[in-house]
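Here is how the chains run, residue by residue.
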Amino acid sequence: MAVEGSHEEHVIINGTLLQGVSNTSFEQNVEEQAVSMVGKEFAGKTTTGPTQVTASIDKYLLNNDFVTTLTGLTDISRRFEYGDNLLDFSQAVINGYSVSAGVGSLPEISFDLSIYGSLSGSDTSIRSLASDESAVENVSQSGLIVTFDKNQTNAVQSFNFSETFNVVPTYGLGQKTPADISIVGPVVQEVNISIEVEDYEIEETFSFLSGSKDRSRNIELKISGDNGVLNTFSLQNGCLASESIVSSAGNTTTAQLTYRGYRT
């Protein structure tokens, strides 16, 4: 089952009404398999595990965005409201999120939820009772501030920052919902940066094989608006995973850089 959002859609998480939602979808998959017996090709079906429910939400990234404060929580709950349909959920966890920002446009954030608790209908809207997020702000021409290992004269045009979490639910015998949900291991981070090429030099191919090559790089990304810095993201213990230069007639030459890192 999958439901796509519309202009009548509202998402309420932990008592806060998300603003600037552009799309929401959720999917529910039943875990089952066929049972075979001696002398019979098919003898019925059996459930092999709890029902898997996932939700994906795309929205504008706001000043002091609320979504990024939910990472690491294992008890997210509340409501999807789309038209006259009201759907409550509980015991949800963010599996990962991705932030996209470009000069002169509204930054966006996409995130995925795994729902391990109940998913059920309701009769009464709670939209009017929820708190609102802060307002959306445009990113100015100088609003993308990236501190990394390249020359700052190469103007940043856009960047994408993502984090992925390893969520591990633990079930007791016969339980439908997890007895415990943990986020284990390091958080995988990735940054993609697009910059204008002014005095940029691509890194020498075989330098990465040298023991003296710096493979641990920290990167700080800031989104700034009319009222100062709105959001800050940091990649830790990162390394350059790939780079490319794109040039075409009549267009600005750009370099595309991908860094990958891990944080505890």
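From a predicted model like this one, the values you see are computed outputs, not experimental measurements.

Participant: Hey, could you run me through the packing of aromatic side chains in this one?
Facilitator: In total, this model carries six aromatic pairs according to the counting rule given. Residues F26 and F80 carry aromatic rings whose centres are separated by 5.8 Å and whose planes lie at 15° to one another, so their mutual orientation is stacked. Taken together, the positions of F26 in strand β4 (residues 21-29) and F80 in strand β8 (residues 76-82) put the pair 54 residues apart, joining distant regions of the chain. The burial state of F26 is the same as that of F80; both residues are buried. Feature note: the residues F26, F80, Y82 and F89 constitute an aromatic cluster, connected by ring pairs.

Participant: Please explain unusual backbone geometry as it appears in this structure.
Facilitator: Residues other than glycine predominantly adopt negative phi, and peptide bonds predominantly adopt the trans conformation. One non-glycine residue, N14, adopts positive backbone phi at about 50°. Tracing the backbone shows N14 in the loop between β2 (9-13) and β3 (16-17). Non-glycine residue Q91 carries a positive phi angle of around 55°. Mapped onto the secondary structure, Q91 falls in strand β9 (residues 85-102).

Participant: Where do I start with the pattern of salt bridges in this structure?
Facilitator: A side chain with one charge can pair with a side chain of the opposite charge if their charged atoms come near. Enumeration according to the criterion identifies eight salt bridges in this entry. The partner of K59 in a salt bridge is E133, with the nearest N and O atoms 3.3 Å apart. A residue pair is termed long-range when its members are at least 10 positions apart, and K59 in strand β7 (residues 52-60) and E133 in the loop between β12 (131-132) and β13 (144-147) qualify at 74 residues. E133 gets classed as buried once you look at its relative accessible area, which sits at 12%. As a salt-bridge pair, E190 and R260 come within 3.1 Å of each other at their nearest N and O atoms. With E190 in strand β15 (residues 180-196) and R260 in strand β18 (residues 254-263), this pair connects stretches of sequence that are 70 residues apart. Since its relative accessible area comes to 24%, E190 is described here as partly exposed. Sharing partners across several salt bridges, the network here consists of R79, E81, D88 and R127.

Participant: Please clarify how the environment of V184 should be interpreted in this entry.
Facilitator: In this structure, V184 sits in strand β15. Each residue touching V184, except ones within four places of it in the same chain, is listed here: N166 and V168.

Participant: Just to check I follow, could you spell out the pairing of β8 for this structure?
Facilitator: Successive side chains on a regular strand alternate, one facing one side of the sheet and the next facing the other. The sheet contact formed by β2 and β8 spans five bridges and is antiparallel. By the bridge assignment for β8, V11 is matched with F80. Looking at chain direction, β8 and β9 are connected through six bridges and run antiparallel. Paired with Y82 across the bridge in β9 is N85. Linking β8 to β9, which pair antiparallel, is a turn of two residues; within it G83 sits at a positive phi near 65°.

Participant: Please clarify how the environment of Q236 should be interpreted in this entry.
Facilitator: The residue Q236 is located in strand β17 (residues 228-246) in this model. What makes Q236 partly exposed here is its relative accessible area of 36%. Residues Q236 and E220 lie 16 residues apart in sequence; the distance between their C-alpha atoms is 8.8 Å. Once residues within four sequence positions are removed from consideration, Q236 is found in contact with Q189, R217, N218, G261, Y262 and R263.

Participant: It is not clear to me how the confidence of the model for the protein should be interpreted in this structure. Could you clarify?
Facilitator: The predicted coordinates ought not to be read in detail in places where the model reports low pLDDT. A residue-level look at the protein finds 86% of positions with pLDDT of 70 or above and a mean pLDDT of 82. Confidence, expressed as mean pLDDT per element, reaches its minimum in the protein at strand β1 (residues 2-4) with 46 and its maximum at strand β10 (residues 108-115) with 95.

Reading guide: rules and limits
Residues numbered from 1 in each chain as written. Predicted model: local features only at pLDDT ≥ 70, side-chain atom pairs only at ≥ 80, totals over all residues. Heavy atoms only, no water. Phe/Tyr/Trp six-rings, centres within 6.5 Å; stacked < 30°, edge-to-face > 60°. Helix = DSSP H or I, 4+ residues; strand = E, 2+ residues; numbered from the N terminus. Buried < 20%, exposed > 50% of the residue type's maximum accessible area, 1.4 Å probe, protein only. Salt bridge = Lys/Arg side-chain N within 4 Å of Asp/Glu carboxyl O. Contact = heavy atoms within 4.5 Å. Pairing = 2+ DSSP bridges. pLDDT = per-residue confidence, 0-100.

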